[in-house]
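Remarks on the overall topology
The chain contents come next:
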Amino acid sequence: MKPLQTSTIILLLALPLIAGAGTTLTRDNGAPVGDNQNSQTAGPNGPVLLQDVQLIQKLQRFDRERQPERVVHARGTGAYGVFVAEQDLSALTRAAVFRPGTQTPVFVRFSSVIHGNHSPETLRDPRGFGTKFYTSEGNWDLVGNNLPIFFIRDAIKFPDMVHSLKPAPDSNIQDPNRFFDFFSHQPESTHMLTRVYSDFGTPASYREMDGNSVHAYKFVNAQGQIHYVKFHWKSLQGQKTLSAREASAIQATEFNHMTRDLIGAIQQGKFPRWDLYIQTLTPAQLAALDFDGLDATKTWPGVPEVKVGSMTLNKNPDNVFLETEQSALAPSNLVPGIEASEDRLLQGRLFSYADTQLHRIGANGLQLPVNRPRNAAANYNQDGAQNSGSRKGDVNYQPSEHAALADDAQYKSSQLPLSGATQQARIVKTQNFKQAGDFYRSLDAQQQANLVSNLAGDLGQVKDEGVKYTMLSYFQKADAGYGRALAAALKADGARVAQLAAKLPD
């Protein structure tokens, strides 16, 4: 057999990297992917399965794309403060943080989501609102955004969504052609796009914006009873936003305006405050909704909010790198009485956020002062880079006749009844457009006009007519007036938009 030439060997090695359109998507080991749109779940309403190797690999690879800057939420600022519980929630949760009168130290990191560490704070973007509660039973991280929903409902789509929103790999320029191409395949994004392209996508300051958990969590009381819960921080400074023109005027002279505002207010003793509200539903009430109540693209309209406490931020960090940048918030940091729901996006974030912090600041990042719990951590996790622990003795395993540590059955997770078979399928009650229309109609005439202008500015750059008209049909389906105004702004064929919208289910 004639030996292969060196050039032939190089070509063969390169083939997987230059495969063209139509080639089957594979994992890194070359195995073909059967479904890249839906995570595997335990039945139609159960949690996401760890055996979904495509989901796990996508999130693992995605989390390791940047070092040491965060892949998302890179641009941020933080402050310390205190949360004071006011409402007796013992009927809902055993969490010690909500015992009336309890004062819990907190650290809050505000951030932009998509843009890099030194990007202007005037850019249109959701804003992160992550709160680390240093409770008596360990740290609880409530990691959310200023907007109450998100673009997607399944974590398996998160790396692709962020890739589309980040600068293009060949030009390093953010391109609406790319992200609208992605969103044209995700009709559930219509609600979030409507909110982020409104003036709420450009808050005036961190002090003057609300925060939301986005996801539902579970409250579990001492009797093991479950209620689903959503959290909402309401700014006592009021909510203030910027129009596109106002944001441009600020950006011409200042790109740190939100950070400067927060630091300055705290330095001057004008401590910003937020009240924390919750919405709760029993499992039966959740199931009775006409949409999937665990869908991260949805709010819970009509469910009463109850004030449960207030938070005051009163101290700036002494060292931004040691504290703000090395802070490691993750929704997997939960405490007794607060558990994760079966929300598919949250289920992926439970893994992804903790994993990216392990990659970014190391296995012992929770030993850093900003991340260290105020009660003592006690386990047999060991070694690794920069381990400052002081474990002694020859027993580093459990159970053992000689172990000083043991688990405690009173802290077991609640039990979730399951039915059906493992599956990879979208949720049943999608209702992709209704709430987007409801939000549009809640805006006054000027806010609606600003939304249409902001959206038309980016959607007008899309060259693919199919993508453009698909997106227009989504907004038309949400609200006919919304769709007509946007089509007119883009000089698009309104009849074609209406025809496409009429074919869309909701």
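The rules we used
- Residues numbered from 1 in each chain as written.
- Predicted model: local features only at pLDDT ≥ 70, side-chain atom pairs only at ≥ 80, totals over all residues.
- Heavy atoms only, no water.
- Helix = DSSP H or I, 4+ residues; strand = E, 2+ residues; numbered from the N terminus.
- Rg over C-alpha atoms; globule rule 2.2 N^0.38 Å.
- Buried < 20%, exposed > 50% of the residue type's maximum accessible area, 1.4 Å probe, protein only.
- Domains from an automatic or database assignment.
- UniProt positions renumbered as here; feature names shortened; annotations may be inferred.
- 1 Å grid on protein atoms, 1.4 Å probe; cavity = no way out; pocket = protein on both sides within 12 Å on 5 of 7 lines; lining within 4 Å.
- Contact = heavy atoms within 4.5 Å.
- Pairing = 2+ DSSP bridges.
- Salt bridge = Lys/Arg side-chain N within 4 Å of Asp/Glu carboxyl O.
- Points joined across faces, edges and corners; volume = space filled by probe spheres on them.
- Nonpolar A, V, L, I, M, F, W, Y, C, P; charged D, E, K, R; others polar.
- Core = buried A, V, L, I, M, F, W, Y, C linked by side-chain atoms within 4.5 Å.
- Phe/Tyr/Trp six-rings, centres within 6.5 Å; stacked < 30°, edge-to-face > 60°.

1. Quick word on the overall build of the chain
The number of helices and strands found in the chain is 15 helices and twelve strands. Computed over the C-alpha atoms, the radius of gyration of the chain is 24 Å, within 12% of the 23 Å expected from 2.2 N^0.38 for a compact globule of 506 residues. Overall, the C-alpha framework of the chain stretches about 75 × 75 × 50 Å when taken along its three principal axes. A buried classification covers 52% of the 506 residues belonging to the chain.

2. A look at the domain arrangement of the chain
Per the domain assignment, the segments making up the chain are domain 1 (76–150 + 204–373) and domain 2 (433–502). The C-alpha-based centres of domain 1 and domain 2 are spaced at 31 Å.

3. Remarks on the UniProt feature "active site" (unreviewed entry) in the chain
UniProt's feature table lists "active site" (unreviewed entry) at His73 and Asn145, given in the numbering used throughout. In terms of the greatest pairwise C-alpha distance, the residues named above, spread along 73 residues, form a tight cluster of at most 10.4 Å across. Of the annotated set, the members that line the largest cavity are His73. Topologically, His73 is positioned in the loop between helix 2 (53–63) and strand 2 (76–85). Relative accessible area serves as the criterion here: at 13%, His73 is assigned to the buried category. When residues no more than four places from it in sequence are discounted, the contact partners of His73 are Arg109, Ser111, Ser112, Val113, Gly128, Asn145 and Tyr353. Once residues within four sequence positions are removed from consideration, Asn145 is found in contact with His73, Val113, Arg127, Gly128, Phe129, Phe150, Asp210, Gly211, Asn212 and Val214.

4. Some words on the pairing of strand 2
Along strand 2, eight of the ten residues are buried, which leaves the element largely enclosed by surrounding structure. Bridge count between strand 2 and strand 3 (residues 103–112): nine bridges; the pairing is antiparallel. Looking at the pairing, Gly81 lines up with Val106 of strand 3.

5. Comments concerning the pattern of salt bridges
Under the defined criterion, the tally for this structure stands at 21 salt bridges. Residue Arg109 is joined to Glu325 by a salt bridge in which the shortest nitrogen-to-oxygen separation is 3.3 Å. On the criterion of sequence distance, the pair formed by Arg109 in strand 3 and Glu325 in helix 9 (residues 321–325) is long-range, its members being 216 residues apart. The buried category is assigned to Glu325, whose relative accessible area is 18%. Among the salt bridges present, the one from Lys434 reaches Asp438, with a minimum N-O distance of 3.1 Å. Separated by four residues within a single helix, Lys434 and Asp438 lie in helix 11 (residues 434–442), roughly one turn from each other. Among the charged side chains, a salt-bridge network with shared partners connects Arg153, Lys157, Glu188, Asp295 and Lys298.

6. Examining the environment of Phe110
Inspection of the secondary structure puts Phe110 in strand 3. For the pair formed by Phe110 and Thr77, sequence separation is 33 residues and the distance between their alpha carbons is 5.4 Å. Setting aside its immediate chain neighbours within four residues, Phe110 contacts Arg75, Gly76, Thr77, Gly128, Phe129, Tyr206, Met209, Leu262, Trp274 and Leu313.

7. What about empty space enclosed by the protein?
On inspection of all chains with the given rule, the structure shows two cavities of 30 Å³ or more. Lining the largest cavity we find 19 residues, and of these Arg70, Val72, His73, Tyr353 and Gln357 sit closest to its centre. Elements represented by at least two residues in the lining of the largest cavity include exactly helix 2, strand 3, strand 4 (127–135), strand 5 (138–145) and helix 10 (344–361). Of the residues contributing to the lining of the largest cavity, the split by class is eight nonpolar, eight polar and three charged. Roughly 200 Å³ of volume is contained in the second largest cavity. What lines the second largest cavity is a set of 17 residues, and nearest its centre among them are Phe150, Phe158, His215, Arg349 and Tyr353. Contributions of two or more residues to the lining of the second largest cavity are made by strand 5 and helix 10. With five residues, the single largest contributor to the lining of the second largest cavity is helix 10. Looking at the lining of the second largest cavity residue by residue, the classes come out as nine nonpolar, seven polar and one charged.

8. Points about the pairing of strand 7 (residues 217–220)
Here strand 7 shows two buried faces, one formed by Tyr217 and Phe219 and the other by Lys218 and Val220. Linkage of strand 7 to strand 8 (residues 226–235), two consecutive antiparallel strands, is achieved through a turn of five residues, within which Gly224 is found at a positive phi near 85 degrees. Bridging between strand 7 and strand 11 (residues 338–340) involves three bridges; their strand directions are antiparallel. The residue of strand 11 that forms the bridge with Lys218 is Glu339.

9. Thoughts on the nonpolar core
The biggest cluster of nonpolar side chains holds 55 residues, and the ones touching the most others in it are Phe150, Phe151, Met161, Phe180, Phe183, Leu459 and Met471. Residue assignment places this core across two domains, with domain 1 (76–150 + 204–373) and domain 2 (433–502) each supplying three or more. Membership of the second largest hydrophobic core comes to 35 residues, among which are Phe83, Leu92, Val308 and Ala340.

10. Regarding the packing of aromatic side chains
This structure, assessed with the given rule, holds 27 aromatic pairs. Centroid distance Phe110 to Phe129: 4.9 Å. Interplanar angle 80 degrees. Geometry classified as edge-to-face. Note that Phe110 is positioned in strand 3 and Phe129 in strand 4, a separation of 19 residues in sequence. With relative accessibility at 1%, the residue Phe129 sits in the buried group. Between Phe219 and Phe231, the aromatic rings sit 5.7 Å apart at their centres with planes inclined by 80 degrees, giving edge-to-face as the arrangement. Here Phe219, found in strand 7, pairs with Phe231, found in strand 8; they are twelve residues apart in sequence, far enough to count as distant. The buried category is assigned to Phe219, whose relative accessible area is 0%. Accessibility expressed as a relative area gives 2% for Phe231, which makes it buried. By the ring-pair criterion, three or more aromatic residues cluster together here, those being Phe83, Phe98, Phe110, Phe129, Phe133, Trp140, Tyr206, Tyr217, Phe219, Phe231, Trp233 and Trp274.

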